[in-house]
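# Overview (structure and organization)
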Amino acid sequence: MPTERISPRLLRVLAVWVVILMAALSVACRQDMQDQPKYIPLRPSGFFADGRSERPLVEGTVARGHLDDDTAYYTGKGPDGKPLDTFPFTVTRDVILRGQDRFNIYCAPCHDRLGTGDGMVVRRGYRKPPSYHIDRLRQVPNGYIFDVITNGFGAMPDYSAQIPVADRWAIVSYVRALQLSQNASINDVPAANRGQLGQGGAQ
Amino acid sequence: MAQIFHRSTNTFSRITIFGAVFILAFLTWVFAELDRSNYNTRATVPREQPVPFSHAHHVGGIGIDCRYCHTTVETSGFANIPPTKTCINCHSQIWATSPTLEPVRASFRTGQSIRWTRVNDLPDFVYFNHSIHINKGVGCESCHGRVDRMPLTWQENSLEMEWCLDCHRHPEKNLRPREFITTMGYQPAGDQETIGRRLMAENHVQDARVLTSCSTCHR
C-alpha cells in the first residue's frame, strides 16, 4: 500500500491553523497567577481539619501591644470592681459624633435611633428592649452600659467582636447624650440660642 | 488555456483584500466586546449560596447598615464576611426555627464555617483595598451597585482593569461625602462635578497619574 504524502501546502495551512487555535485557546487559559497558592483573607485551607486558613488564637496568647491592663478602659470597671461612672478619657464633640455614627449602625436596628427600643428588628419579632429614657437606665453608671455592649445582657447579644473598645466608649457617650436630649427643657438651651429653636434647620 | 476567472473578478479580489482589514477589525471588536461582556466577567449573575442570604431583606427591608456585618470595610483592605455569630445576634430569635436557616444554626452549634461562594473575585496579582476608597469618599454603591435590591448577591461591574482605570482617571464623578458612604440610591445635593471636585480637594485625592500607574494596583 503506497504511503500517501501530505502536500507541503496542506501542512503549511494546517500549521497556521494550529497556531491560531493555540492563540485563541491561550486567551481563556487561567494560569496560577489568577489564583496563587497563598492565603488571602478567608481563603479555605486544605491543611487544617476545620478548613480555615485563619487560625484561632492559642488560649492565653497576648498580641503585641494588647496587654490590655488598663482595667477601667477595657472592662468599664473601677479598681473596686464596680462599674465606672466617669469616662476613661476626655469626651469631646468628636467622640460623641463618632458615637452617634456607630450607634446608628450597631444599636439602632433594635433600639431605634432615639433609643426608645422600637427598632426595625424588634418590629419583626425580636424581644423589645427597654427604652433608654426610663429612670433606671438614666441612673445606671457609664461602665454598666459599656459592660452591656461588651458582654451582652439577657436577650441582647454581645458586641465585643463587632465594636472596638474605643467605639464602645463613644457609643456610651452618645447614649448619655440621647438620654439628656429626651429629657431636656428649654432651660438647658443657652439663652442666646433659644431664638434659633423655632426656626428649624439651625445648626 | 482559457482564463478561469473573468477580468471583472480582479476588482472583486481587490475589494476582498481591502475588506479583510475591516473583517479583522470587526473580529477584534467582537473579541473585545465578548471579553468585557457580562457572560465573560460573570457580572450581574446571582450566585448560589449555602443559605439564601438576601441583602434585599436585610438592607432594603429592615435597613441594617453594611458595616453591621462588613465590619472592617473602613479600616482594612478586606471588607469581612460576617461570622455566624453575627447572624445569630438576630436569628436566635427571628426565624429561629426556619429550615432555611438550619445551616446557620448548625454552623453555630458545631463551630464549622459556612462556606459562602465568593462573588467579587479579583485575580491575585491585583492589589485592592477597601479602606482607601471608603475614606476618600467612594460609596459602596459606586462599585457594588444597588445591593439593597439583590435577593441573592451578584457582581455589579466587570471588575476589569478598564473599569478601575475609568474611575481612577475621573474620581470626581463618584465621590460623595463621608456620611453617605453606605447609602443606597444616593442623590448628590447639587452638581456632582462641583461636589466631586470639592471632595477631591478636601480628601487630598491623589493625582490621576499616580492612580493609573501600574504599581498602584500591581505591587
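Summary of the structure given here. (Residues numbered from 1 in each chain as written. Chains lettered and ligands numbered in written order. Predicted model: local features only at pLDDT ≥ 70, side-chain atom pairs only at ≥ 80, totals over all residues. Heavy atoms only, no water.)

## Points about the overall build of chain B
Within chain B one finds 12 helices and 0 strands. On C-alpha atoms alone, chain B measures out to a radius of gyration of 25 Å, which is more than a quarter above the 17 Å that the 2.2 N^0.38 rule sets for 219 residues. Projected onto its principal axes, the C-alpha coordinates of chain B cover approximately 95 × 50 × 35 Å. When the 219 residues of chain B are sorted by exposure, 35% land in the buried category. Excluding contacts between residues fewer than 6 apart, the proportion of contacts in chain B whose partners are at least 24 apart in sequence is 68%. Only carbon and sulfur atoms are counted for the fraction: they give 63% of the accessible area of chain B, which is about 13800 Å². (Helix = DSSP H or I, 4+ residues; strand = E, 2+ residues; numbered from the N terminus. Rg over C-alpha atoms; globule rule 2.2 N^0.38 Å. Buried < 20%, exposed > 50% of the residue type's maximum accessible area, 1.4 Å probe, protein only. Contact = heavy atoms within 4.5 Å. Areas by Shrake-Rupley, 256 points an atom, 1.4 Å probe, with all protein chains shown as cover.)

## Looking at the packing of aromatic side chains
For the structure shown, the criterion picks out 14 aromatic pairs over all chains. With a centroid separation of 6.0 Å and an interplanar angle of 70°, the aromatic rings of Tyr159(A) and Tyr68(B) are classed as edge-to-face. Of this pair, Tyr159(A) sits in the loop between α7 (142–151) and α8 (165–182) while Tyr68(B) sits in helix α4 (residues 66–69), on two different chains. Exposure remark for Tyr159(A): the relative accessible area of 7% places this residue in the buried category. Among the residues examined, Tyr68(B) registers a relative accessible area of 4% and is labelled buried. Here Phe53(B) and Trp116(B) contribute two aromatic rings whose centre-to-centre distance is 6.5 Å and whose plane-to-plane angle is 75°, an arrangement assigned as edge-to-face. Here the residue Phe53(B) occupies a position in the loop between α2 (38–41) and α3 (55–61), and Trp116(B) occupies one in the loop between α6 (102–110) and α7 (130–135), the gap between them amounting to 63 residues. (Phe/Tyr/Trp six-rings, centres within 6.5 Å; stacked < 30°, edge-to-face > 60°.)

## Quick look at helix α5 (residues 84–91) of chain B
The α-helix winds at 3.6 residues per turn, so residues separated by three or four positions along the chain end up facing the same way. In terms of burial, α5(B) is a largely internal element, 7 of the 8 residues being buried. Within α5(B), the full set of buried residues consists of Thr84(B), Thr86(B), Cys87(B), Ile88(B), Asn89(B), Cys90(B) and His91(B). Each element contacted by the buried residues of α5(B) is listed here: α5 (120–123) of chain A together with α3, α4 and α6 of chain B.

## Description of the side chain of Gln36(A)
For Gln36(A), the location among the structural elements is in the loop between α1 (8–27) and α2 (71–75). Overall, the relative accessible area of 16% leaves Gln36(A) in the buried class.

## Things to note about the packing of α7(A) against α8(A)
All names here are of chain A. Contact geometry of α7 with α8 gives a least axis separation of 9 Å together with a crossing angle of 125°. The angle between α7 and α8 places the two elements in the oblique class. Every pair of crossing elements has a handedness; the one defined by α7 and α8 is right-handed. Touching Asn 142, Gly 143, Ile 145, Phe 146, Ile 149 and Thr 150 of α7 are Val 165, Arg 168, Trp 169, Ile 171, Val 172, Val 175 and Arg 176, all from α8. (Axes fitted to C-alpha atoms, helices over the stretch in contact; angles between N-to-C directions. Parallel < 35°, antiparallel > 145°, perpendicular 65-115°, else oblique. Left-handed = near helix turned anticlockwise from the far one by under 90°.)

## A look at a nonpolar patch on the surface
Taken together, Ile23(B), Leu24(B), Phe26(B), Leu27(B) and Trp29(B) make up a surface patch of nonpolar side chains, about 570 Å² in accessible area. Given the relative accessible area of 48%, Phe26(B) is considered partly exposed. (Patch = residues over 30% accessible without salt bridge, like charges linked within 9 Å, V, L, I, M, F, W, Y side chains within 5 Å. Salt bridge = Lys/Arg side-chain N within 4 Å of Asp/Glu carboxyl O.)

## Side note on the interface of chain A and chain B
Counting residues at the interface gives 30 residues for chain A and 26 residues for chain B. With both sides pooled, the region where chain A packs onto chain B buries about 2400 Å², and carbon together with sulfur makes up 53% of that total. Taken as a group, Ile105(A), Tyr126(A) and Gln162(A) account for 21% of the area that chain A buries against chain B, more than any other trio of residues on that side. Where chain A packs against chain B, one counts 3 salt bridges. Inspection of the chain A/chain B interface yields 13 residue pairs in polar contact (both at pLDDT 80 or more). Elements that contribute at least two residues to the side of chain A that touches chain B include exactly α3 (93–106) and α5 of chain A. (Buried area = accessible area lost by both parts, 1.4 Å probe. Polar contact = N/O pair within 3.5 Å; in protein donor to acceptor, adjacent residues only side chain to side chain.)

## Section: the side chain of Thr216(B)
All names here are of chain B. Examined against the element boundaries, Thr 216 turns out to sit in helix α12 (residues 214–217). Within the structure, the side chain of Thr 216 is placed 2.6 Å from the backbone oxygen of Val 210, a separation counted as a polar contact. With near-sequence residues (within four places) excluded, Thr 216 lies in contact with Tyr 127, Val 210 and Leu 211.

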